[in-house]
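Coordinates in review
Residues per chain are reported as follows:
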Amino acid sequence: MSLTIVGTVAFDSVKTPHGQVDKVIGGAATFAAWAASYLYHDIQLVSIIGEDWPEEELNKMRERGIDTSGIEIVKGGKSFYWEGEYDKNMIDRTTITTDLNVLDDFDPNLPEHYKKSEFLMLGNLTPTIQQQVINQMKNRPKLIVMDTMNFWIDIALEALEETIKQVDVLSINDEEARLLSGEYNLLKAADRILDYGIKYLIIKKGEHGALLFSKDGMFFSPALPLPVIMDPTGAGDSFAGGMMGYLASRNEISFEHMKMSLMYGAVMGSFCVEDYSIRKLQSLSPEIIKTRVKNLLELSRIDLALEI
Ligand code: AMP
């Protein structure tokens with residue numbers, strides 16, 4: 001049993017109303033893998049980096065048991081670089097720079113031992129690359145979850161739709177759900193998106209929680225209110241990592257497990273935003289995570305009987 005995570009391993013520069021950091025560790029797969037690593041131990045990463053990405057950071061991942069043999073290191077190459085600036089509300093952001101660098105030639109080649117993974121997470125990437133990864137799997141994974149973004153909906157809708165049809169779960173934010181479906185109302189949007197044939201749709205609403213949809217029902221998970229948000233970058237990827245880590249650890253994909261996985265996702269996202277880059281995610285423990293999941297569950301628990 002293993003969980004394969006595909007996505008960017010990158011450098012980010014981030015400016016928020018609280019401050020800024022330059023060329024720190026980032027990338028969708030980095031956040032997802034660190035978040036998942038506290039919940040599940042057999043994690044395999046697929047990505048591409050340049051020689052500029054610190055060996056020390058690869059070692060830290062290996063020390064946490066993350067298999068990095070699927071990360072291609074391009075000699076003399078430069079890693080993916082993203083630069084963004086957040087608005088006062090710490091939700092809206094402007095992308096200032098996206099330098100694909102080595103990602104421009106990414107042609108993933110999965111190590112043999114990755115190809116039987118039972119859990120596959122396709123982080124935000126070109127839909128055709130996401131498909132290439134699915135096609136390399138020897139057995140159909142038990143669960144394929146994918147993330148995407150506005151950019152791909154705008155420029156590669158057809159390929160994106162083909163990829164969505166091949167996965168079990170799509171995890172996107174509310175703005176992306178509206179764009180993909182052409183519906184403003186999220187219930188209508190969810191109905192349309194489920195018609196692609198996916199089992200579950202997760203719509204993330206940042207500090208307002210996340211919604212889980214299936215043809216049989218709907219569930220809402222709150223987000224943990226936090227006194228300080230330092231940097232929202234990677235929250236969505238940490239959410240997905242937490243969710244996948246939980247599901248892989250349980251080896252169950254019922255609606256009830258999906259509901260709980262949203263709680264773990266919300267908690268991992270909440271840790272991520274408390275500091276820049278992966279700083280907070282590198283200093284957690286299963287006990288700290290469990291306490292926060294309990295707090296989150298407590299947040300919407302009512303012990304009174306329903307009387308009307
Ligand atoms: P999130 O805040 O969850 O949307 O993820 C932010 C992370 O995604 C950053 O660490 C970036 O390095 C990475 N990223 C930004 N733009 C892209 C893109 N176009 N494709 C893949 N990864 C990206």
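Described in the following lines is the structure provided in the data block. (Residues numbered from 1 in each chain as written. Predicted model: local features only at pLDDT ≥ 70, side-chain atom pairs only at ≥ 80, totals over all residues. Heavy atoms only, no water.)

1. Some details on the sheet that holds strand S8 (residues 119–122)
- Read across the open sheet, the nine strands follow the order S5-S4-S1-S8-S9-S10-S11-S12-S13; overall the sheet is mixed. The strands lining the two open edges of the sheet, one partner per strand, are strand S5 (66–74) and strand S13 (217–221). Recorded for the sheet is a direction-independent mean angle of 15° between the axes of neighbouring strands.
- Contacts between helix H7 (residues 186–194) and the sheet are confined to strand S10 (169–173), strand S11 (200–204), strand S12 (210–214) and S13, with S12 contributing the most and set at about 45° to the helix. (Pairing = 2+ DSSP bridges. Helix = DSSP H or I, 4+ residues; strand = E, 2+ residues; numbered from the N terminus. Axes fitted to C-alpha atoms, helices over the stretch in contact; angles between N-to-C directions. Contact = heavy atoms within 4.5 Å.)

2. Brief notes about the side chain of Glu-274
- Among the secondary structure elements, Glu-274 is positioned in the loop between helix H9 (255–272) and helix H10 (286–299).
- In this structure the side chain of Glu-274 is engaged in a polar contact, spanning 2.8 Å, whose partner is the side chain of Lys-280.
- Not counting the four nearest positions on each side in its chain, Glu-274 is found in contact with Leu-226, Val-228, Met-230, Lys-280 and Arg-292. (Polar contact = N/O pair within 3.5 Å; in protein donor to acceptor, adjacent residues only side chain to side chain.)

3. Here we look at the sheet that holds strand S2 (residues 10–16)
- On the basis of which strands lie adjacent, the open sheet formed by four strands has the order S3-S2-S6-S7 and mixed pairing. Edge positions in the sheet fall to strand S3 (19–26) and strand S7 (93–99), since each has one partner strand and no second. Strand-to-strand, the axes of this sheet are offset by a mean angle of 15°, without reference to chain direction.
- In this sheet, strand S6 (residues 80–86) lies alongside S2 in parallel orientation, the contact comprising six bridges. Bridge pairing in S6 links Lys-15 to Glu-85.

4. Remarks on the site of the ligand
- Around the ligand there are 18 residues in total, and Asp-12, Gly-27, Arg-93, Gly-234 and Asp-237 lie nearest to it.
- Between the ligand and Asp-12, the relevant distance is 2.4 Å, taken from an oxygen atom to a side-chain nitrogen or oxygen of the residue.
- For the ligand, an oxygen atom lies 3.3 Å from a polar atom in the backbone of Gly-236.
- Notes on the ligand: free accessible area 510 Å², of which the protein chains cover 89%.
- Counting residues per element, the ones that place at least two in the shell around the ligand are S2, helix H1 (28–37), S6 and helix H8 (235–250).
- Ranked by the residues each element gives to the shell around the ligand, the list is headed by H8, at three residues.
- The residue makeup of the shell around the ligand, split by class, is eight nonpolar, seven polar and three charged. (Near = heavy atom within 4 Å. Areas by Shrake-Rupley, 256 points an atom, 1.4 Å probe, with all protein chains shown as cover. Nonpolar A, V, L, I, M, F, W, Y, C, P; charged D, E, K, R; others polar.)

5. Some words on the packing of aromatic side chains
- By the definition in use, this model includes three aromatic pairs.
- Arranged with centres 4.7 Å apart and planes meeting at 75°, the rings of Phe-151 and Trp-152 form a pair that is edge-to-face.
- The partly exposed category is assigned to Phe-151, whose relative accessible area is 44%.
- Accessibility expressed as a relative area gives 13% for Trp-152, which makes it buried. (Phe/Tyr/Trp six-rings, centres within 6.5 Å; stacked < 30°, edge-to-face > 60°. Buried < 20%, exposed > 50% of the residue type's maximum accessible area, 1.4 Å probe, protein only.)

6. A closer look at the packing of H8 against H9
- At a minimum axis distance of 7 Å, the contact between H8 and H9 shows a crossing angle of 140°. Considering the angle they form, H8 stands oblique to H9. Along this stretch, H8 crosses H9, giving a crossing that reads as right-handed. Residue-level contacts link Ala-235, Ser-238, Phe-239, Gly-242, Met-243, Tyr-246, Leu-247 and Arg-250 of H8 to His-257, Met-258, Met-260, Ser-261, Leu-262, Tyr-264, Gly-265, Ala-266, Met-268, Gly-269 and Cys-272 of H9.
- Within the contact of H8 with H9, the residues separate by chemical class into twelve nonpolar, six polar and one charged. (Parallel < 35°, antiparallel > 145°, perpendicular 65-115°, else oblique. Left-handed = near helix turned anticlockwise from the far one by under 90°.)

7. Remarks on the packing of H9 against H10
- Across the interface, H9 lies against H10 with an axial gap of 9 Å and an inter-helix angle of 115°. In this structure, H9 crosses over H10, and the sense of that crossing is right-handed. Taking contact as the criterion, the partners of Met-260, Met-263, Tyr-264, Ala-266, Val-267, Met-268, Ser-270 and Phe-271 in H9 are, on H10, Ile-288, Ile-289, Arg-292, Val-293, Leu-296 and Leu-297.
- Here the contact of H9 with H10 is composed, by residue class, of twelve nonpolar, one polar and one charged.

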